[in-house]
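# Structure at a glance
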Amino acid sequence: MTHPLLSEDLIDTYQRDGVVLIKGLFADHVAALRDGVERNIAAPGPYASNNDKPGETGRFFDDYCNWQRIPEFEAVIRQSDAAQVAAELMQSATAQVFHDHVLVKEPGTSMATPWHQDGPYYFVEGQQTVSFWSPLDPVREASLRCVAGSHLWEKPVLPTRWVKGDAFFDPEPYMPVPDPDAEGMDIREWEMAPGDAVAFNYGILHGARGNTSAARRRAFSLRLVGDDARYVERPGPTSPPFPGHDMVPGQKLREDWFPVLWGR
Ligand SMILES: O=C(O)CCC(=O)C(=O)O
């Protein structure tokens, strides 16, 4: 049976456009996720960054791969309906967790999140992928912005470093980062309440404005994969790197590190 937050129409839209809004996906978990974010900021992990960029104001904290050490994140990942909703959106029998990501723009943060696709930074490939980006504060200006249909583009977009802007890998075989506003692309963005979620495919080009409002913009993002996801090698270290993962090309992600949360 289809999850009550979904409909056949929404699933078809996800398959076609690669991005949909799911109202209230984490609505019952906002307090826990806020607690988890505070715990994360107080004890950042090895990949944490304040994205300090010369000339920018405020603070843009981000960190990832912390769910196993932050009990609030683990509880939400295991107990919310996210994995079931992910499996149905991806049209997959299973949903497996890839990683969590926290992105906090404090009031007066000028830095935009640069346009990027997540897939090219990752060591996983497949059609069945989904990220849930959920604000933990009401959001309008600094909402996520996604280019509909970009998950079907022939070439992946060159992954770049957010602060320096330099290329992560050799520019071949990637396409340069487009400017969706200047190029008149079909950008989807929503005014969102805490606990709503944007669901988007790893191939979707997305970014976000700075947060010049007087309120914090805390966001929790959860990335999952489905049946067809496989480990692939990239031209250099990926982000996240998962040192010592020991996987080989073509392998499904190891379930002791990336548990299957739905379907088995
Ligand atoms: O929260 C943001 O500013 C950007 C989020 C993002 O890029 C992501 O969740 O992949």
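Above this text sits the structure in question.
Below, the structure is looked at part by part. Counting starts from 1 at the beginning of each chain's written sequence and moves along it residue by residue. Residues qualify for local features only when their pLDDT is at least 70, as the model is predicted, and side-chain atom pairs are given and counted only at 80 or more; totals for whole chains, interfaces and linings, by contrast, use all residues. Just so you know, side-chain values use all the structure's heavy atoms and leave hydrogens and water out.

### Structural notes on the overall build of the protein chain
In terms of regular secondary structure, the protein chain is built from 4 helices and 13 strands. In summary, the protein chain has a C-alpha radius of gyration of 17 Å against a globular reference of 18 Å for 264 residues, a match within 12%. Seen through its C-alpha atoms, the protein chain measures out along the principal axes to roughly 50 × 45 × 40 Å. Restricting the contact set of the protein chain to residue pairs at least 6 apart, pairs at least 24 apart contribute 81%. Method for areas: the Shrake-Rupley scheme with a 1.4 Å probe, in which residue coverage is limited to the protein chains shown. Total accessible area on the protein chain stands at roughly 11,300 Å², and carbon and sulfur atoms take up 50% of it. Side chains of the protein chain give 25 positive and 38 negative charges; the mean places of these two sets differ by 4 Å. Secondary structure elements follow DSSP: runs of H or I no shorter than four residues count as helices, runs of E no shorter than two count as strands, and numbering proceeds from the N terminus. We compute the radius of gyration over the C-alpha atoms and compare it with the globule rule, which gives 2.2 Å times the number of residues raised to the power 0.38. Residue contacts follow a heavy-atom distance rule, with two residues in contact if any of their heavy atoms lie within 4.5 Å. Counted as positive: Lys and Arg. Counted as negative: Asp and Glu. His and the chain ends are not counted at all. Lys charges are placed at NZ, Arg charges at CZ, Asp charges at CG and Glu charges at CD.

### Section: the packing of aromatic side chains
Side-chain rings of Phe, Tyr and Trp (the six-membered ring for Trp) are treated as a pair once their centres are within 6.5 Å; stacked means planes under 30 degrees apart, edge-to-face means over 60, and tilted covers the remaining angles. Using the criterion set out here, one finds 19 aromatic pairs in the structure. When the centroid spacing of 5.7 Å and the interplanar angle of 40° are considered together, the rings of Phe98 and Phe242 count as tilted. Taken together, the positions of Phe98 in strand S3 (residues 95-105) and Phe242 in the loop between strand S12 (230-231) and strand S13 (260-262) put the pair 144 residues apart, joining distant regions of the chain. One exposure class covers both Phe98 and Phe242, and it is buried. Between the aromatic rings of Phe242 and Phe258, the centroid separation amounts to 4.9 Å while the plane-to-plane angle is 75°, which identifies the pairing as edge-to-face. Working definition: with a 1.4 Å probe on protein chains only, accessible area under 20% of the residue-type maximum means buried, over 50% means exposed, and in between means partly exposed.

### Thoughts on the nonpolar core
Here the nonpolar core consists of buried residues drawn from Ala, Val, Leu, Ile, Met, Phe, Trp, Tyr and Cys, with membership extended through side-chain atoms lying within 4.5 Å. With 37 residues, the main nonpolar core has Ile22, Phe26, Leu89, Val130, Phe132 and Leu224 as its most contacted residues. In terms of residues, this core owes the most to one element, helix H4 (residues 82-90), which gives 7 residues. One finds Phe98, Leu144, Val225 and Met247 within the second-largest nonpolar core, a separate group that totals 34 residues.

### Describing the environment of Pro243
Mapped onto the elements of the fold, Pro243 is located in the loop between S12 and S13. Not counting residues within four places of it along the chain, the set of residues in contact with Pro243 comprises Tyr47 and Trp257.

### Things to note about helix H3 (residues 71-79)
Where H3 is concerned, the buried positions are Glu72, Phe73, Val76 and Ile77. Looking down the long axis of H3, one finds its buried residues gathered within 125° of arc, a one-sided arrangement. Summarising the contacts, the buried residues of H3 are in contact with helix H2 (30-42), S3, strand S11 (217-225) and S13. Taking the helix axis as origin, the arc is that swept by the directions to the C-beta atoms.

### What about the pattern of salt bridges?
Each reported salt bridge corresponds to a side-chain nitrogen of Lys or Arg within 4 Å of a carboxyl oxygen of Asp or Glu. All chains considered together, the criterion is met by 17 salt bridges. Salt-bridge contacts for Asp181 lead to Arg145; the nearest nitrogen and oxygen are separated by 2.9 Å. Taken together, the positions of Asp181 in the loop between strand S7 (144-147) and strand S8 (187-188) and Arg145 in strand S7 put the pair 36 residues apart, joining distant regions of the chain. Between Asp186 and Arg188 there is a salt bridge whose closest N-O contact spans 2.7 Å. Taking relative accessible area as the criterion, Asp186 reaches 39% and is therefore assigned partly exposed. When salt bridges that share partners are traced, they join Glu38, Glu106, Asp137, Arg216 and Arg218 into one network.

### Section: the pairing of strand S6 (residues 129-135)
Within S6, 7 of the 7 residues are buried, which leaves the element mostly enclosed by the surrounding structure. One bridge is not enough; two strands pair if DSSP finds at least two bridges between them. Bridge count for S6 against S11 is 7 bridges, and the pairing is antiparallel. Of the residues in S11, the one forming a bridge with Pro135 is Ala219.

### A short note on the site of the ligand
The criterion for a residue being near a molecule or strand is simple. One of its heavy atoms has to lie within 4 Å of it. Not every one of the 13 residues close to the ligand is listed here, only the nearest: Thr113, Trp133, His206, Arg217 and Arg223. Polar contact is the term for a pair of N or O atoms within 3.5 Å; when the atoms are in protein, one must be able to donate a hydrogen and the other to accept it, and sequence-neighboring residues count only if both atoms are side-chain atoms. The contact in question runs from an oxygen atom of the ligand to an N or O atom on the side chain of His116, over 3.2 Å. Contact between the ligand and Asp118: an oxygen atom at 3.2 Å from a side-chain N or O atom of the residue. Burial of the ligand by the protein amounts to 100% of the accessible area it has alone, namely 290 Å². Those elements that place two or more of their residues in the shell around the ligand are S3, strand S4 (113-116), strand S10 (206-208) and S11. Classification convention: Asp, Glu, Lys, Arg as charged; Ala, Val, Leu, Ile, Met, Phe, Trp, Tyr, Cys, Pro as nonpolar; all other residues, Gly among them, as polar. Residue composition of the shell around the ligand, grouped by class: 5 nonpolar, 4 polar and 4 charged.

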